[in-house]
Amino acid sequence: MKTKILIFAAVVLLLGIAIPSCLERGDSTIVLEGGAARNDEPAPEPEPEPNPNPNPNPEPEPNPEETSINGGHYFQIGNAVFHEGVIPSGTCGGALEVYMNNMVLAGGTNIATIYSETQYDKFYVGINGVDGYYEYVPETIHQEDDWYVYSIPLEYSMDYQSDIEIQISASKGDCVSSVFTQEIKFVKSQEGALNVILTFDNAKDIDLHVVTPSGIEIYYGYTGGSFLMEDGEIAFMGLDHDSNAGCSIDGLNNENVVISEAFVEAGIYEVYVDLFDNCNPSIATNWTCTVRYKGELVKPNTGTNPATGVFPVGASPFDDDEHNNLVMTFCVATSKSGIDISNVTFKPNRPSEASLQKIARKR
(Lines give C-alpha, C1' and ligand atoms only; values in the text may rest on other atoms or scores of the structure.)
Protein backbone atom coordinates (compact mmCIF):
# COMPACT_ATOMS: atom_id res chain seq x y z
CA MET A 1 0.00 0.00 0.00
CA LYS A 2 2.81 2.43 0.88
CA THR A 3 4.43 1.63 -2.47
CA LYS A 4 1.22 2.57 -4.32
CA ILE A 5 0.96 5.86 -2.41
CA LEU A 6 4.58 6.72 -3.22
CA ILE A 7 4.03 5.91 -6.90
CA PHE A 8 0.91 8.10 -6.97
CA ALA A 9 2.75 10.99 -5.30
CA ALA A 10 5.55 10.72 -7.82
CA VAL A 11 3.04 10.81 -10.71
CA VAL A 12 1.38 13.89 -9.20
CA LEU A 13 4.73 15.69 -8.99
CA LEU A 14 5.74 14.71 -12.51
CA LEU A 15 2.44 15.76 -14.09
CA GLY A 16 2.08 18.93 -12.06
CA ILE A 17 -1.44 17.98 -10.96
CA ALA A 18 -2.83 20.42 -8.40
CA ILE A 19 -5.30 19.24 -5.74
CA PRO A 20 -6.64 22.52 -4.38
CA SER A 21 -8.14 22.86 -0.93
CA CYS A 22 -11.56 23.66 -2.42
CA LEU A 23 -12.12 20.02 -3.43
CA GLU A 24 -12.07 16.76 -1.61
CA ARG A 25 -8.91 14.80 -2.27
CA GLY A 26 -9.43 12.62 -5.31
CA ASP A 27 -11.84 14.98 -7.10
CA SER A 28 -10.83 15.96 -10.61
CA THR A 29 -13.92 17.86 -11.67
CA ILE A 30 -15.40 21.29 -11.75
CA VAL A 31 -19.09 21.28 -10.93
CA LEU A 32 -21.17 22.86 -13.63
CA GLU A 33 -24.65 24.07 -14.43
CA GLY A 34 -27.45 21.84 -13.21
CA GLY A 35 -25.35 20.30 -10.46
CA ALA A 36 -23.75 17.80 -12.83
CA ALA A 37 -20.02 17.18 -12.79
CA ARG A 38 -17.86 17.00 -15.88
CA ASN A 39 -14.77 14.83 -15.75
CA ASP A 40 -11.52 16.16 -17.16
CA GLU A 41 -11.40 13.16 -19.52
CA PRO A 42 -14.54 13.00 -21.70
CA ALA A 43 -16.43 9.73 -21.91
CA PRO A 44 -15.84 7.75 -25.12
CA GLU A 45 -18.47 8.30 -27.79
CA PRO A 46 -20.66 5.26 -28.59
CA GLU A 47 -20.16 3.49 -31.90
CA PRO A 48 -22.66 4.81 -34.50
CA GLU A 49 -25.45 2.41 -35.40
CA PRO A 50 -25.59 1.31 -39.05
CA ASN A 51 -28.19 3.11 -41.15
CA PRO A 52 -30.59 0.49 -42.58
CA ASN A 53 -31.69 2.87 -45.37
CA PRO A 54 -28.65 4.88 -46.43
CA ASN A 55 -29.42 7.87 -48.62
CA PRO A 56 -26.46 9.01 -50.73
CA ASN A 57 -28.02 12.47 -51.22
CA PRO A 58 -29.85 13.38 -48.01
CA GLU A 59 -31.75 16.66 -47.78
CA PRO A 60 -29.90 19.10 -45.51
CA GLU A 61 -31.74 19.60 -42.24
CA PRO A 62 -32.24 23.17 -40.97
CA ASN A 63 -30.01 24.10 -38.08
CA PRO A 64 -32.36 24.81 -35.14
CA GLU A 65 -29.67 26.95 -33.52
CA GLU A 66 -30.07 29.45 -36.36
CA THR A 67 -33.86 29.39 -36.65
CA SER A 68 -35.13 29.20 -33.07
CA ILE A 69 -34.73 31.43 -30.04
CA ASN A 70 -33.73 28.47 -27.84
CA GLY A 71 -31.31 26.96 -30.34
CA GLY A 72 -28.18 28.10 -28.52
CA HIS A 73 -27.19 31.34 -30.27
CA TYR A 74 -29.34 33.72 -28.25
CA PHE A 75 -30.40 33.39 -24.61
CA GLN A 76 -32.24 31.19 -22.16
CA ILE A 77 -34.54 32.01 -19.25
CA GLY A 78 -34.44 29.67 -16.27
CA ASN A 79 -37.73 27.94 -15.37
CA ALA A 80 -39.38 29.31 -18.52
CA VAL A 81 -41.35 27.23 -21.05
CA PHE A 82 -40.46 27.47 -24.74
CA HIS A 83 -43.22 27.75 -27.36
CA GLU A 84 -42.96 27.79 -31.13
CA GLY A 85 -44.57 30.59 -33.07
CA VAL A 86 -44.99 34.32 -32.56
CA ILE A 87 -45.06 36.05 -29.18
CA PRO A 88 -48.63 36.72 -27.92
CA SER A 89 -49.79 40.32 -28.12
CA GLY A 90 -52.93 42.31 -27.49
CA THR A 91 -54.28 45.63 -26.32
CA CYS A 92 -55.47 44.70 -22.85
CA GLY A 93 -54.00 46.13 -19.66
CA GLY A 94 -51.51 48.95 -19.26
CA ALA A 95 -48.28 49.38 -21.18
CA LEU A 96 -45.11 47.76 -19.85
CA GLU A 97 -42.16 49.86 -18.81
CA VAL A 98 -39.01 47.75 -19.13
CA TYR A 99 -35.49 48.65 -18.03
CA MET A 100 -32.56 46.55 -19.20
CA ASN A 101 -29.06 46.99 -20.55
CA ASN A 102 -29.21 47.58 -24.31
CA MET A 103 -25.61 46.38 -24.76
CA VAL A 104 -24.80 42.72 -24.17
CA LEU A 105 -21.66 40.57 -24.04
CA ALA A 106 -21.69 36.89 -24.97
CA GLY A 107 -22.13 34.73 -21.88
CA GLY A 108 -23.56 37.49 -19.70
CA THR A 109 -26.91 37.76 -17.94
CA ASN A 110 -29.19 40.71 -18.64
CA ILE A 111 -32.02 41.36 -16.18
CA ALA A 112 -35.19 42.89 -17.58
CA THR A 113 -36.92 44.86 -14.80
CA ILE A 114 -40.58 45.43 -15.64
CA TYR A 115 -42.90 48.05 -14.15
CA SER A 116 -46.65 47.86 -14.70
CA GLU A 117 -49.79 49.36 -13.20
CA THR A 118 -51.51 46.04 -13.96
CA GLN A 119 -50.69 42.86 -12.06
CA TYR A 120 -49.79 40.12 -14.54
CA ASP A 121 -49.40 36.36 -14.11
CA LYS A 122 -47.18 35.51 -17.08
CA PHE A 123 -44.64 37.17 -19.33
CA TYR A 124 -43.61 36.30 -22.88
CA VAL A 125 -40.13 37.04 -24.22
CA GLY A 126 -39.10 36.69 -27.86
CA ILE A 127 -36.87 38.12 -30.57
CA ASN A 128 -38.22 39.96 -33.58
CA GLY A 129 -37.75 37.79 -36.70
CA VAL A 130 -36.71 34.65 -34.76
CA ASP A 131 -39.10 31.75 -34.25
CA GLY A 132 -40.40 30.95 -30.78
CA TYR A 133 -40.75 32.68 -27.43
CA TYR A 134 -40.42 31.94 -23.72
CA GLU A 135 -43.34 31.87 -21.30
CA TYR A 136 -42.15 32.96 -17.85
CA VAL A 137 -44.02 32.95 -14.54
CA PRO A 138 -42.28 35.40 -12.18
CA GLU A 139 -41.05 33.90 -8.93
CA THR A 140 -41.53 37.11 -6.98
CA ILE A 141 -43.57 40.29 -7.35
CA HIS A 142 -43.10 43.42 -5.31
CA GLN A 143 -44.75 46.81 -5.34
CA GLU A 144 -43.27 50.29 -5.47
CA ASP A 145 -45.99 52.89 -4.86
CA ASP A 146 -48.65 52.12 -7.49
CA TRP A 147 -46.38 49.92 -9.64
CA TYR A 148 -45.97 46.15 -9.77
CA VAL A 149 -42.32 45.25 -10.35
CA TYR A 150 -41.03 42.03 -11.96
CA SER A 151 -37.57 40.77 -12.95
CA ILE A 152 -36.69 38.39 -15.79
CA PRO A 153 -33.08 37.13 -16.12
CA LEU A 154 -31.92 36.57 -19.72
CA GLU A 155 -28.86 34.31 -19.78
CA TYR A 156 -27.00 34.88 -23.05
CA SER A 157 -25.11 32.08 -24.81
CA MET A 158 -21.34 32.20 -25.26
CA ASP A 159 -22.15 31.90 -28.99
CA TYR A 160 -24.30 35.04 -29.00
CA GLN A 161 -22.93 37.53 -31.53
CA SER A 162 -25.61 39.64 -33.22
CA ASP A 163 -27.77 42.71 -32.69
CA ILE A 164 -31.37 41.76 -31.92
CA GLU A 165 -34.70 43.31 -30.97
CA ILE A 166 -36.14 41.90 -27.75
CA GLN A 167 -39.94 41.62 -27.50
CA ILE A 168 -41.80 41.33 -24.16
CA SER A 169 -45.52 41.06 -23.46
CA ALA A 170 -47.59 39.94 -20.45
CA SER A 171 -50.93 38.34 -19.66
CA LYS A 172 -53.45 37.80 -16.90
CA GLY A 173 -56.16 35.32 -17.84
CA ASP A 174 -57.38 36.26 -21.31
CA CYS A 175 -55.90 39.75 -21.05
CA VAL A 176 -52.66 40.17 -23.08
CA SER A 177 -50.68 43.39 -23.13
CA SER A 178 -49.15 45.14 -26.10
CA VAL A 179 -45.56 44.18 -26.99
CA PHE A 180 -42.64 46.17 -25.60
CA THR A 181 -39.57 46.22 -27.87
CA GLN A 182 -35.93 46.98 -27.06
CA GLU A 183 -32.99 46.97 -29.46
CA ILE A 184 -30.00 45.07 -28.04
CA LYS A 185 -26.51 45.71 -29.37
CA PHE A 186 -23.89 42.95 -29.29
CA VAL A 187 -20.52 44.09 -27.92
CA LYS A 188 -17.45 42.14 -29.04
CA SER A 189 -15.21 41.15 -26.15
CA GLN A 190 -12.11 39.12 -25.44
CA GLU A 191 -12.58 35.35 -25.37
CA GLY A 192 -11.08 32.88 -22.92
CA ALA A 193 -11.68 29.67 -21.02
CA LEU A 194 -12.78 31.55 -17.89
CA ASN A 195 -15.18 34.49 -18.21
CA VAL A 196 -16.55 36.63 -15.37
CA ILE A 197 -19.13 39.09 -16.74
CA LEU A 198 -20.77 41.92 -14.81
CA THR A 199 -23.86 43.62 -16.28
CA PHE A 200 -25.88 46.49 -14.81
CA ASP A 201 -28.97 48.24 -16.11
CA ASN A 202 -28.05 51.93 -16.04
CA ALA A 203 -25.04 54.22 -16.24
CA LYS A 204 -23.12 53.94 -12.96
CA ASP A 205 -19.43 53.33 -12.29
CA ILE A 206 -19.73 49.79 -10.97
CA ASP A 207 -16.53 47.74 -10.88
CA LEU A 208 -15.72 44.06 -11.16
CA HIS A 209 -12.84 42.63 -9.10
CA VAL A 210 -11.60 39.03 -9.50
CA VAL A 211 -8.91 37.63 -7.19
CA THR A 212 -7.14 34.52 -8.50
CA PRO A 213 -5.90 31.62 -6.30
CA SER A 214 -2.36 33.03 -6.37
CA GLY A 215 -3.60 36.41 -5.14
CA ILE A 216 -3.56 38.38 -8.41
CA GLU A 217 -6.38 40.92 -8.38
CA ILE A 218 -7.82 41.80 -11.79
CA TYR A 219 -9.70 45.11 -11.79
CA TYR A 220 -9.47 48.65 -13.21
CA GLY A 221 -6.17 49.21 -11.34
CA TYR A 222 -4.60 46.06 -12.83
CA THR A 223 -6.14 45.26 -16.18
CA GLY A 224 -3.61 42.57 -17.20
CA GLY A 225 -2.92 42.04 -20.87
CA SER A 226 -1.91 39.59 -23.59
CA PHE A 227 1.03 37.22 -23.96
CA LEU A 228 2.50 35.52 -27.03
CA MET A 229 2.86 31.80 -26.31
CA GLU A 230 5.65 29.61 -27.70
CA ASP A 231 3.23 28.00 -30.15
CA GLY A 232 2.35 31.42 -31.60
CA GLU A 233 -1.06 31.65 -29.90
CA ILE A 234 -1.97 34.79 -27.97
CA ALA A 235 -3.23 34.22 -24.43
CA PHE A 236 -5.10 36.87 -22.46
CA MET A 237 -5.62 37.55 -18.77
CA GLY A 238 -7.27 40.72 -17.58
CA LEU A 239 -10.16 43.18 -17.51
CA ASP A 240 -11.69 43.76 -20.92
CA HIS A 241 -13.84 46.79 -20.07
CA ASP A 242 -13.90 49.46 -17.33
CA SER A 243 -17.32 50.91 -18.05
CA ASN A 244 -18.36 54.45 -17.09
CA ALA A 245 -15.01 55.07 -15.40
CA GLY A 246 -15.26 57.99 -13.01
CA CYS A 247 -18.78 58.66 -14.39
CA SER A 248 -17.37 59.32 -17.86
CA ILE A 249 -20.41 57.61 -19.33
CA ASP A 250 -19.85 55.16 -22.20
CA GLY A 251 -23.23 53.46 -21.86
CA LEU A 252 -21.70 49.97 -22.05
CA ASN A 253 -22.73 49.00 -18.50
CA ASN A 254 -20.71 45.77 -18.76
CA GLU A 255 -17.36 44.64 -17.38
CA ASN A 256 -15.63 41.41 -18.29
CA VAL A 257 -12.67 39.56 -16.77
CA VAL A 258 -11.23 37.01 -19.20
CA ILE A 259 -8.58 34.36 -18.50
CA SER A 260 -7.24 32.15 -21.29
CA GLU A 261 -6.80 28.45 -20.55
CA ALA A 262 -3.02 28.89 -20.32
CA PHE A 263 -3.43 31.15 -17.27
CA VAL A 264 -6.30 29.41 -15.46
CA GLU A 265 -5.04 28.48 -12.00
CA ALA A 266 -6.31 25.70 -9.77
CA GLY A 267 -7.95 26.79 -6.54
CA ILE A 268 -10.42 29.31 -5.16
CA TYR A 269 -11.38 32.51 -7.01
CA GLU A 270 -13.11 35.47 -5.35
CA VAL A 271 -15.51 37.82 -7.16
CA TYR A 272 -16.41 41.29 -5.88
CA VAL A 273 -18.83 43.92 -7.22
CA ASP A 274 -18.01 47.48 -6.12
CA LEU A 275 -20.00 50.69 -6.43
CA PHE A 276 -17.15 53.09 -7.22
CA ASP A 277 -19.28 56.13 -8.08
CA ASN A 278 -23.05 56.55 -7.97
CA CYS A 279 -23.35 58.75 -11.04
CA ASN A 280 -27.12 59.22 -10.61
CA PRO A 281 -28.22 58.60 -6.98
CA SER A 282 -31.90 59.20 -7.87
CA ILE A 283 -32.27 55.77 -9.51
CA ALA A 284 -31.56 52.25 -8.31
CA THR A 285 -29.24 49.94 -10.26
CA ASN A 286 -29.80 46.22 -10.77
CA TRP A 287 -26.66 44.20 -11.47
CA THR A 288 -25.84 40.60 -12.26
CA CYS A 289 -22.51 38.73 -12.38
CA THR A 290 -22.06 35.48 -14.32
CA VAL A 291 -19.10 33.07 -14.28
CA ARG A 292 -18.54 30.56 -17.07
CA TYR A 293 -15.72 28.07 -17.52
CA LYS A 294 -15.39 26.67 -21.04
CA GLY A 295 -18.84 28.01 -21.80
CA GLU A 296 -20.62 26.41 -18.84
CA LEU A 297 -21.99 28.04 -15.71
CA VAL A 298 -19.75 27.27 -12.72
CA LYS A 299 -21.34 26.06 -9.51
CA PRO A 300 -20.05 28.45 -6.83
CA ASN A 301 -18.65 27.50 -3.44
CA THR A 302 -20.36 30.54 -1.90
CA GLY A 303 -23.00 32.83 -3.34
CA THR A 304 -25.02 32.12 -6.46
CA ASN A 305 -24.21 32.01 -10.17
CA PRO A 306 -25.43 34.24 -11.66
CA ALA A 307 -25.14 36.51 -8.63
CA THR A 308 -27.62 39.39 -8.55
CA GLY A 309 -28.09 42.50 -6.47
CA VAL A 310 -29.37 46.05 -6.33
CA PHE A 311 -27.64 49.31 -5.44
CA PRO A 312 -30.69 51.22 -4.14
CA VAL A 313 -31.61 54.86 -4.62
CA GLY A 314 -29.06 57.03 -2.85
CA ALA A 315 -26.54 54.20 -2.38
CA SER A 316 -23.13 55.42 -1.19
CA PRO A 317 -19.90 54.29 -2.92
CA PHE A 318 -17.75 51.81 -1.02
CA ASP A 319 -14.91 54.37 -0.91
CA ASP A 320 -11.68 52.75 0.30
CA ASP A 321 -13.18 49.29 0.89
CA GLU A 322 -13.55 47.90 -2.60
CA HIS A 323 -13.81 44.37 -1.18
CA ASN A 324 -16.95 45.19 0.76
CA ASN A 325 -19.25 43.19 -1.51
CA LEU A 326 -18.03 39.62 -2.03
CA VAL A 327 -20.66 38.09 -4.31
CA MET A 328 -19.19 34.69 -5.12
CA THR A 329 -16.33 32.26 -4.66
CA PHE A 330 -15.77 29.33 -6.99
CA CYS A 331 -13.22 26.61 -7.53
CA VAL A 332 -11.28 25.41 -10.55
CA ALA A 333 -10.18 21.87 -9.83
CA THR A 334 -7.00 21.41 -11.83
CA SER A 335 -4.61 23.54 -13.83
CA LYS A 336 -3.00 21.98 -16.89
CA SER A 337 -0.89 24.93 -17.97
CA GLY A 338 1.99 24.66 -15.52
CA ILE A 339 2.80 28.32 -16.21
CA ASP A 340 4.08 30.43 -13.32
CA ILE A 341 2.05 33.59 -13.88
CA SER A 342 4.34 35.60 -11.58
CA ASN A 343 7.08 35.22 -14.22
CA VAL A 344 4.89 36.27 -17.16
CA THR A 345 5.38 39.75 -18.64
CA PHE A 346 2.13 40.77 -20.30
CA LYS A 347 1.71 43.23 -23.11
CA PRO A 348 -0.50 45.47 -21.00
CA ASN A 349 -3.98 46.69 -21.84
CA ARG A 350 -4.04 50.42 -22.35
CA PRO A 351 -6.54 51.93 -19.87
CA SER A 352 -8.77 54.72 -21.11
CA GLU A 353 -8.03 58.29 -20.04
CA ALA A 354 -11.07 58.13 -17.75
CA SER A 355 -9.70 54.97 -16.11
CA LEU A 356 -6.28 56.59 -15.60
CA GLN A 357 -7.92 59.56 -13.90
CA LYS A 358 -9.89 57.15 -11.73
CA ILE A 359 -6.71 55.32 -10.67
CA ALA A 360 -5.02 58.62 -9.80
CA ARG A 361 -8.07 59.62 -7.77
CA LYS A 362 -7.88 56.45 -5.67
CA ARG A 363 -4.20 57.08 -4.95
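Conventions used here
- Residues numbered from 1 in each chain as written.
- Predicted model: local features only at pLDDT ≥ 70, side-chain atom pairs only at ≥ 80, totals over all residues.
- Heavy atoms only, no water.
- 1 Å grid on protein atoms, 1.4 Å probe; cavity = no way out; pocket = protein on both sides within 12 Å on 5 of 7 lines; lining within 4 Å.
- Points joined across faces, edges and corners; volume = space filled by probe spheres on them.
- Helix = DSSP H or I, 4+ residues; strand = E, 2+ residues; numbered from the N terminus.
- Nonpolar A, V, L, I, M, F, W, Y, C, P; charged D, E, K, R; others polar.
- Salt bridge = Lys/Arg side-chain N within 4 Å of Asp/Glu carboxyl O.
- Buried < 20%, exposed > 50% of the residue type's maximum accessible area, 1.4 Å probe, protein only.
- Disulfide = S-S within 2.5 Å.
- Contact = heavy atoms within 4.5 Å.
- pLDDT = per-residue confidence, 0-100.
- Pairing = 2+ DSSP bridges.

J.: Would you take a moment to explain empty space enclosed by the protein for this structure?
T.: Empty space among the atoms becomes visible once a probe the size of a water molecule is rolled across them. Tallied over the full model, the rule gives one cavity of 30 Å³ or more. In terms of lining, the largest cavity is formed by M103, V104, L105, G108, T109, N110, T199 and N254. Listed by contribution, the elements that provide at least two residues to the lining of the largest cavity are β6 (103–104) and β7 (109–116). Looking at the lining of the largest cavity residue by residue, the classes come out as three nonpolar, five polar and no charged.

J.: Before we go on, may I ask you to explain the pattern of salt bridges in this structure?
T.: Side chains that carry opposite charge are capable of pairing whenever their charged atoms lie near each other. Tallied over the full model, the rule gives six salt bridges. Residues K358 and D207 are paired through a salt bridge, measuring 2.7 Å at the closest nitrogen-oxygen approach. Of this pair, K358 sits in helix α3 (residues 353–362) while D207 is found in strand β16 (residues 205–211), placing the two residues 151 residues apart along the sequence. Under the relative-accessibility criterion, K358 is labelled buried at 2%. Judged by its relative accessible area of 0%, D207 is buried. Notably, a salt bridge pairs D242 with K358, separated by 3.1 Å at the nearest N-O pair.

J.: How should the layout of surface pockets be read in this particular structure?
T.: Taken as a whole, the largest pocket holds about 860 Å³ of empty space. As for the largest pocket, its lining consists of 36 residues, and the residues nearest its centre are I111, T113, Y150, S151 and N286. Listing elements by their share of the lining of the largest pocket, those giving two or more residues are β5 (97–99), β7, β10 (142–144), β11 (147–156), β22 (285–293) and β25 (307–311). Of the residues belonging to the lining of the largest pocket, the class tally is 16 nonpolar, 15 polar and five charged.

J.: How should I be thinking about the state of the cysteines in this particular structure?
T.: Note on terminology: disulfide describes a covalent bond linking the sulfur atoms of two cysteines. All told, the structure shown has two disulfides when counted by the stated rule. Each sulfur of the disulfide joining C92 and C175 lies 2.2 Å from the other. Classification of the bridge connecting C92 and C175 rests on its S-S torsion, roughly -110°, and on that basis the disulfide is left-handed. One end of the pair, C92, is in the loop between β4 (81–83) and β5; the other, C175, is in strand β13 (residues 175–176), with 83 residues separating them in the sequence.

J.: Where do I start with the environment of F346 in this structure?
T.: Its place among the elements puts F346 in the loop between β26 (326–332) and β27 (347–348). Among the residues examined, F346 registers a relative accessible area of 13% and is labelled buried. With 108 residues separating them in the primary sequence, F346 and G238 have C-alpha atoms 9.8 Å apart. Setting aside anything within four residues of it in sequence, one finds F346 in contact with Y222, G225, S226, F227, M237, F263 and I341.

J.: I would appreciate a short explanation of the confidence of the model for the protein chain in the present structure.
T.: Residues shown with low pLDDT carry predicted positions that ought not to be read at fine detail. Overall, the prediction assigns the protein chain a mean pLDDT of 82, with 79% of residues at 70 or greater. Low pLDDT, under 50, characterises residues 48–60; the stretch is placed with zero contacts to residues that sit more than four places away or in other chains.

J.: I'm lost on the pairing of β26 in this one. Help?
T.: Along any regular strand, the residues point their side chains to alternate faces of the sheet. Across the seven residues that make up β26, a large majority, six, are buried. Bridge count between strand β21 (residues 267–277) and β26: six bridges; the pairing is antiparallel. Of the residues in β26, the one forming a bridge with Y272 is L326. By the bridge criterion, two bridges tie strand β24 (residues 302–303) to β26 in an arrangement that is antiparallel. Each residue of the ladder has a partner; that of G303, found in β26, is M328.

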